[in-house]
Amino acid sequence: MTRALFINLSRNDAFQRFVIRFPLSRRVSRRFVAGETLAEAVAAIQRLNAKGLLATFDHLGENVKSAGEARAAADAYTGMLDAIEQNKLRSNVSLKPTHMGLDFGDDVCLGNIKRVAAHARHTGNFVRIDMEGSPYTQRTLDLYRALRADGADNVGIVIQAYLFRSADDIAALAAMGARVRLFKCAYKEPDHIAFPRKANVDASFRNLISALWSPEALAAGAHAALATHDERIIAWAIDEAAKRGVAKDRFEFQMLYGIRRERQEQLARDGYTVRVYVPYGTQWYPYFMRRLAERPANVLFLIKNLFEK
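From a predicted model like this one, the values you see are computed outputs, not experimental measurements.

Draft legend 1. Examining the overall build of the protein more closely. When its secondary structure is counted, the protein shows 14 helices and eight strands. With an accessible surface of roughly 13,900 Å², the protein has 54% of that area assigned to carbon and sulfur atoms.

Draft legend 2. Structural view of the nonpolar core. Core analysis: the largest hydrophobic core is formed by 81 residues, its most contacted members being Phe 57, Met 100, Trp 213 and Phe 253. A per-element tally of this core places helix 5 (residues 67-86) first, with seven residues. Excluding residues within four positions of it along the chain, Trp 213 makes contact with Leu 218, Ala 224, Leu 226, Ala 237, Glu 240, Ala 241, Arg 244, Val 246 and Phe 251.

Draft legend 3. Examining the environment of Gln 254 more closely. Along the chain, Gln 254 turns up in strand 7 (residues 251-256). Placed 73 residues apart in sequence, Gln 254 and Arg 181 show a C-alpha to C-alpha distance of 8.3 Å. Those residues within four positions of Gln 254 in sequence are excluded, and the remaining contacts are Arg 128, Arg 181, Ala 225, Leu 226, Ala 227, Thr 228 and Arg 275.

Draft legend 4. Fine view of the sheet that holds strand 2 (residues 91-95). Judged by pairing direction, the barrel is parallel, and its eight strands sit side by side in the order 1-2-3-4-5-6-7-8 before closing back on the first. With strand direction ignored, the average angle separating the axes of adjacent strands in the sheet is 30°. Running over the sheet, helix 6 (residues 106-122) touches strand 2, strand 3 (127-129) and strand 4 (155-160) and is turned about 150° from strand 3. Relative to strand 4, helix 8 (residues 166-176) is tilted by about 160°, and along the sheet it contacts strand 4 and strand 5 (179-183).

Draft legend 5. Main features of the packing of aromatic side chains. For the structure shown, the criterion picks out six aromatic pairs. Ring plane angle 45° and centroid distance 5.5 Å describe the contact between Phe 57 and Tyr 280, whose orientation is recorded as tilted. In this pair, Phe 57 sits in strand 1 (residues 54-59) while Tyr 280 sits in strand 8 (residues 274-280), placing the two residues 223 residues apart along the sequence. As far as burial versus exposure is concerned, Phe 57 and Tyr 280 are alike and both buried. Summarising the aromatic geometry, the rings of Phe 251 and Phe 253 are spaced 5.7 Å apart at their centres and angled 85° between planes, so their arrangement reads as edge-to-face.

Draft legend 6. Structural view of the environment of Ile 193. Looking at the secondary structure, you find Ile 193 in the loop between strand 5 and helix 9 (198-212). Here the alpha-carbon distance between Ile 193 and Ser 134, two residues 59 residues apart in the chain, equals 8.6 Å.

Draft legend 7. The packing of helix 5 against helix 6, seen in detail. It is the contact of helix 5 with helix 6, at a shortest axis distance of 9 Å, that shows an interaxial angle of 10°. Comparing the axis directions of helix 5 and helix 6 gives the class roughly parallel. For the pair formed by helix 5 and helix 6, the contact residues are Ala 67, Ala 70, Arg 71, Ala 74, Asp 75, Tyr 77, Thr 78, Leu 81 and Asp 82 on the first element and Val 108, Asn 112, Arg 115, Val 116, His 119 and Ala 120 on the second. Here the residues of the contact of helix 5 with helix 6 sort into eight nonpolar, three polar and four charged.

Draft legend 8. The arrangement of the side chain of Ser 166 in detail. Along the chain, the position of Ser 166 falls in helix 8. Under the relative-accessibility criterion, Ser 166 is labelled buried at 2%.

Draft legend 9. Looking closely at helix 6. Between the first and last C-alpha of helix 6 there are 24 Å, a value that for 17 residues agrees with the 24 Å anticipated at 1.5 Å per step. Among the residues of helix 6, those classed as buried are Cys 109, Leu 110, Asn 112, Ile 113, Val 116, Ala 117 and Ala 120. Angularly, the buried residues of helix 6 cover 165° about the axis, an arc narrow enough to put them on a single face. Facing away from the buried side of helix 6, by more than 90 degrees, are the exposed residues Asp 107 and His 122.

Draft legend 10. Inspection of helix 11 (residues 231-244) at higher detail. Its 14 residues give helix 11 an end-to-end C-alpha distance of 20 Å, which sits within 8% of 20 Å, the value for a rise of 1.5 Å per residue. Buried-residue contacts for helix 11 involve helix 9, strand 6 (223-227), strand 7 and helix 12 (261-269). A positive backbone phi angle near 75° is found at Gly 245, which sits one or two residues after helix 11.

What counts, and where the lines are drawn
- Residues numbered from 1 in each chain as written.
- Predicted model: local features only at pLDDT ≥ 70, side-chain atom pairs only at ≥ 80, totals over all residues.
- Heavy atoms only, no water.
- Helix = DSSP H or I, 4+ residues; strand = E, 2+ residues; numbered from the N terminus.
- Areas by Shrake-Rupley, 256 points an atom, 1.4 Å probe, with all protein chains shown as cover.
- Core = buried A, V, L, I, M, F, W, Y, C linked by side-chain atoms within 4.5 Å.
- Buried < 20%, exposed > 50% of the residue type's maximum accessible area, 1.4 Å probe, protein only.
- Contact = heavy atoms within 4.5 Å.
- Pairing = 2+ DSSP bridges.
- Axes fitted to C-alpha atoms, helices over the stretch in contact; angles between N-to-C directions.
- Phe/Tyr/Trp six-rings, centres within 6.5 Å; stacked < 30°, edge-to-face > 60°.
- Parallel < 35°, antiparallel > 145°, perpendicular 65-115°, else oblique.
- Nonpolar A, V, L, I, M, F, W, Y, C, P; charged D, E, K, R; others polar.
- Expected span 1.5 Å × (residues − 1).
- Arc of directions from axis to C-beta.

Given below as structure tokens:
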């Protein structure tokens, strides 16, 4: 019930206008969002890098209202890539297809992502294409394949473990030697296309990691980014990688900015690659509400720390 409430609120424009009016809302959101400006986000990544953590840089935004907004979003990403290079940040970038104009056509979106990927290649960087709700899943995978077919080998993709289709998607991506971020879920989906129970999602997550760590997938160059805060999954992955002989440089853990900071740092000290998803921008409301939807502990944490300095 709590998860559904926050997911619904993330799409409620009237409630969004109400929330973002208050300075306290911005203060609370900073637990999960690095800031509203590029300079604030750069400073956040510098602090992470100093602790041995890598980053993936996300300019918040989705479902833009025009093709012009999509072009502006792509411009923002080329600026982010320049900032990464200029500040010698250990970071790549993540982007959402609907931020790149997918609602205005696959060609519009593909053109914008190609421009960002080309700029990333020029600066020696990498672009991760985020996955959104299920209506966009196939189109997003098609975009990824089109980019790879066009020679963009510096792009990766994201797969959500709670979708029934993900086993087949991972099998195909593993055969391609894809760089895949695997995470559980971030959107509310109907029961006929997604596992409704956490236990089933967790089992799917482990199965998908195992597929990416098969000898054939590793030989093809597949690389798994395990986006999870679940300690049981993390411990399982560490043991499983050791059993299979998967080297620490063949996968990485990914966590969200502001969540389980101490665990992020401990994993890095233990020699694992840890990448933190660092979002910034004025369009923080939908992202913030989805973080509250994912884990009740996030809500309790914010209530507990609301008035701390």
